[in-house]
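# Structural overview for review
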Amino acid sequence: MNLKNQRLLTGQSFINGQFINANKQKTFSVTNPYDGKHIIDVADCSASETQSAITKANEAFVSWRQLTGTERSTILRRWFELQMENIDDLAMILTVEQGKPLAEAKGEIRYGASFVEWFAEEAKRAYGDTIPGHQRDKRIVVIKQPIGVVAAITPWNFPSAMITRKVAPALAAGCTVVIKPSELTPLSANALAVLAQDAGFPSGVLNIVNTSTPEKVGKELTANPTVRKLSFTGSTEVGKILLRQCSDTVKKVSLELGGNAPFIVFDDADINEAVEGAIAAKYRNAGQTCVCANRMFVQDGIYEEFTQRFTKAVQQLIIGSGLEKGVVIGPLIEEKAVQSIEFVVADAIDKGANLLTGGNRKDKDSLFFQPTVLTDVTPDMKVFIQEIFGPVAPIFKFETDEVVIALANDTPYGLAAYFYGRDYARIWRVAEALEYGMVGINTGMLSTPVAPFGGIKESGFGREGSKYGMDDYLDMKYLCWGGI
Ligand code: SIN
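Here the structure is a predicted model, which means the values were calculated and not measured. (Residues numbered from 1 in each chain as written. Predicted model: local features only at pLDDT ≥ 70, side-chain atom pairs only at ≥ 80, totals over all residues. Heavy atoms only, no water.)

It is worth spelling out the overall build of the protein at this point. What the protein contains, in helices and strands, is 14 helices and 20 strands. Its C-alpha atoms give the protein a radius of gyration of 23 Å, within 12% of the compact-globule value 23 Å for 484 residues. If one aligns the C-alpha atoms of the protein with their principal axes, the spans along those axes are about 70 × 65 × 40 Å. Out of the 484 residues belonging to the protein, those deemed buried represent 57%. Long-range contacts, defined as pairs at least 24 residues apart, comprise 73% of the intrachain contacts of the protein with a sequence gap of at least 6. As presented, the protein carries roughly 19,500 Å² of accessible surface, and 52% of it is formed by carbon and sulfur atoms. Of the charged side chains in the protein, 50 are positive and 56 negative, and the gap between their average positions amounts to 6 Å. (Helix = DSSP H or I, 4+ residues; strand = E, 2+ residues; numbered from the N terminus. Rg over C-alpha atoms; globule rule 2.2 N^0.38 Å. Buried < 20%, exposed > 50% of the residue type's maximum accessible area, 1.4 Å probe, protein only. Contact = heavy atoms within 4.5 Å. Areas by Shrake-Rupley, 256 points an atom, 1.4 Å probe, with all protein chains shown as cover. Lys, Arg positive; Asp, Glu negative; His and termini not counted. Charge placed at Lys NZ, Arg CZ, Asp CG, Glu CD.)

Set out below in structure tokens:
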């Protein structure tokens, strides 16, 4: 890989300010999903390296928490600047290990860095509170304190931004962190560690443990009593396991889990905007985001026109290597992911869905799946029930607000929902009725560091970003002063 700053490409893990090999020099291979070619070998850590990262993070916590918010802010700000200065290299590493188009990878680096910028500011604002005393001689003060060592377990679909979105508020709050990136995309994490070292974080404040055995490292991170908080982004299935594992040591937990986002188009929607929003909400990252539109509901009066225009727009999406100009759909992350898409599409067609475009793997043995549109979809199909996590848009026709709200909420998930329409009274009614943590109204994109990202129901709890984001890494303590 040709980078301006070749130091950013490393396979070593990062513990206590040092880039290290794993015990017994164990490694695992990282490959490019575009062509399956080997990129680099990565240090394959296990429970013992994880323990040492936790110990070092705990030692570093003693002095990191003592810094003022402004002192922590200065280092975070430098980290942000370095990410922006190295955006081309960071994006290249991301595209090569994950597959998303380079322009999208750059967008992710910018998005991820913006959390560092945001929380560099918020570091100065861990405000407490004063409460009028309940007795004449009493005064009550609330202070917020960093919770301690944080474990961050992050996914492959946003290998850079999901790290910064967790780590920036944790570090701003005065916590120290041990990060376990996905084994499919450890290189973006390592590149962030190089820049963290350059930014001047003291040793042990930020640690990265890469592994090909995530269960073992996950067990250590969740069972070790020194870790006081787990933040996880990934599937609901794994989130439930980690939550159970955290219960023995009663850790504070944040979970950003799976979604099954409805995308509703009402008759009075601006159709051009709705098509544009649907493309963005469905096909970003080849459909591999937790907030991707999963089920599209279109009202009967606009159904034919919307479906026709949307399908035409989908047919224009260019598939290919993320490094090629003009490409908007890269490969899926791995063979398992393609098989899972093949399975849900076959299930829908078997049960009577109509295939308007796509429907297949692009070429035999490749990890590309054609952007796909299905109509005549019904709630018994897997595309309705489960998170698709690929470039497949199932379209349902509906008649009334009541019916679509019931269908939209008919899922255990509650992460993101979207709808398009112009009637302001209906906008309020629908926004309030949708059982989701985030609702996009006349927009297909809702991710930003200034707003609280997170879900309800089986999509998890905790919020990332915004003025609320640091609370997940702070303990609240109340001081009751008597004898006044
Ligand atoms: C995710 O898929 O988990 C994150 C998507 C986003 O931040 O937009």
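Time to look at the side chain of Asp44. Relative to the helices and strands, Asp44 resides in the loop between strand S4 (38–43) and helix H1 (47–64). Of note is the side chain of Asp44, whose polar atom sits 2.7 Å from the side chain of Ser212. When sequence neighbours within four positions are dropped, the list of residues in contact with Asp44 reads Ala22, Lys26, Thr27, Phe28, Glu49, Asn210, Thr211, Ser212 and Thr213. (Polar contact = N/O pair within 3.5 Å; in protein donor to acceptor, adjacent residues only side chain to side chain.)

Here we come to unusual backbone geometry. At Asn16, a residue that is not glycine, the phi angle is positive and equals roughly 55 degrees. Looking at the element boundaries, Asn16 is found in the loop between strand S1 (13–15) and strand S2 (18–20). We note that Ala286 has phi near 55 degrees; this positive angle belongs to a residue other than glycine. Within the secondary structure, Ala286 sits in the loop between helix H9 (271–283) and strand S13 (293–299). For Ala286, a relative accessible area of 2% puts it in the buried group.

Further remarks concern the nonpolar core. Nonpolar side chains in soluble globular proteins tend to end up buried together. Trp79, Leu171, Phe201, Leu206, Phe306 and Phe310 are the most contacted members of the largest nonpolar core, which totals 134 residues. When residues of this core are sorted by domain, at least three fall in each of domain 1 (6–257 + 459–479) and domain 2 (261–448). The residues touching Phe310, leaving out its near neighbours within four places in the chain, are Val275, Ala278, Ile279, Tyr283, Met296, Val373, Ala393 and Ile395. Residues Ala53, Ile153, Val217 and Leu230 belong to the second largest nonpolar core, which totals 22 residues. (Core = buried A, V, L, I, M, F, W, Y, C linked by side-chain atoms within 4.5 Å. Domains from an automatic or database assignment.)

Tallied over the full model, the rule gives four cavities of 30 Å³ or more. Estimates place the volume of the largest cavity at around 90 Å³. Along its surface, the largest cavity is lined by 13 residues, and Phe158, Met162, Arg165, Val291 and Phe453 are the ones closest to its centre. Of the residues belonging to the lining of the largest cavity, the class tally is six nonpolar, four polar and three charged. Two domains each put at least three residues into the lining of the largest cavity: domain 1 (6–257 + 459–479) and domain 2 (261–448). (1 Å grid on protein atoms, 1.4 Å probe; cavity = no way out; pocket = protein on both sides within 12 Å on 5 of 7 lines; lining within 4 Å. Points joined across faces, edges and corners; volume = space filled by probe spheres on them. Nonpolar A, V, L, I, M, F, W, Y, C, P; charged D, E, K, R; others polar.)

Turning our attention to the pattern of salt bridges. On inspection of all chains with the given rule, the structure shows 30 salt bridges. In this structure, Lys124 and Glu121 form a salt bridge, with 3.3 Å as the shortest nitrogen-oxygen distance. Between Lys144 and Asp471 there is a salt bridge, with the nearest N and O atoms lying 3.2 Å from each other. In this pair, Lys144 is assigned in strand S6 (residues 139–146) and Asp471 in the loop between strand S19 (460–461) and strand S20 (474–481), connecting sequence segments 327 residues apart. Relative accessible area serves as the criterion here: at 26%, Lys144 is assigned to the partly exposed category. Residue Asp471 is classed as partly exposed on the basis of its relative accessible area of 31%. Ionic contacts of the salt-bridge type, sharing partners, join the residues Arg77, Arg78, Glu81, Glu85 and Glu117 into one network. (Salt bridge = Lys/Arg side-chain N within 4 Å of Asp/Glu carboxyl O.)

Once that is clear, we can look at the packing of aromatic side chains. All told, the structure shown has 15 aromatic pairs when counted by the stated rule. Judged by centre distance (6.1 Å) and plane angle (80 degrees), the ring pair of Phe266 and Phe419 falls under edge-to-face. With a gap of 153 residues between them, Phe266 in the loop between strand S12 (261–265) and H9 and Phe419 in strand S17 (residues 416–420) connect regions that are remote in the sequence. As far as the burial class goes, Phe266 and Phe419 line up, both buried. (Phe/Tyr/Trp six-rings, centres within 6.5 Å; stacked < 30°, edge-to-face > 60°.)

In this section: the sheet that holds strand S16 (residues 392–398). Think of a sheet as strands paired side by side through backbone hydrogen bonds, with each pair either parallel or antiparallel. With mixed pairing, the seven strands of this open sheet are ordered in space as S14-S15-S16-S13-S12-S17-S18. Looking at strand neighbours, the two that pair on one side only are strand S14 (354–357) and strand S18 (438–441), the edges of this open sheet. Strand after strand, the sheet turns through a mean of 25 degrees between neighbouring axes, direction not considered. Strand direction decides the pairing type here: strand S15 (residues 372–375) and S16, joined by three bridges, are parallel. Within the sheet, the bridge partner assigned to Thr372 lies in S16 and is Val392. (Pairing = 2+ DSSP bridges. Axes fitted to C-alpha atoms, helices over the stretch in contact; angles between N-to-C directions.)

Taking 1.5 Å of rise per residue, the 16 residues of helix H10 (residues 300–315) would be expected to cover 22 Å, and the 23 Å separating its terminal C-alpha atoms lies within 8% of that figure. The largest bend in H10 comes to about 30 degrees, at Phe306. Against S12, H9, S13, S14, S15 and S16 lie the buried residues of H10. (Expected span 1.5 Å × (residues − 1). Bend = angle between axes of the 7 residues up to and from the residue.)

As a further point, take the sheet that holds S6. The strand order S5-S6-S20 describes an open sheet built from three strands, whose pairing is antiparallel. Looking at strand neighbours, the two that pair on one side only are strand S5 (129–131) and S20, the edges of this open sheet. Geometrically, the sheet is characterised by an average inter-axis angle of 25 degrees between neighbouring strands, direction not taken into account. Looking at chain direction, S6 and S20 are connected through eight bridges and run antiparallel. When the bridges of S20 are listed, Val141 appears paired with Leu479.

The element strand S7 (residues 149–153) is extensively covered by neighbouring structure, given that five of its five residues are classed as buried. A two-sided burial pattern is seen for S7, the buried positions comprising Val149, Ala151 and Ile153 on one face and Val150 and Ala152 on the other. For the crossover from S7 across helix H5 (residues 161–173) to strand S8 (residues 176–180), the handedness is right-handed. Bridging between S7 and strand S10 (residues 227–233) involves five bridges; their strand directions are parallel. Pairing of Ala151 across the sheet is with Leu230, part of S10. (Right-handed = clockwise from strand over helix to strand, strands pointing away.)

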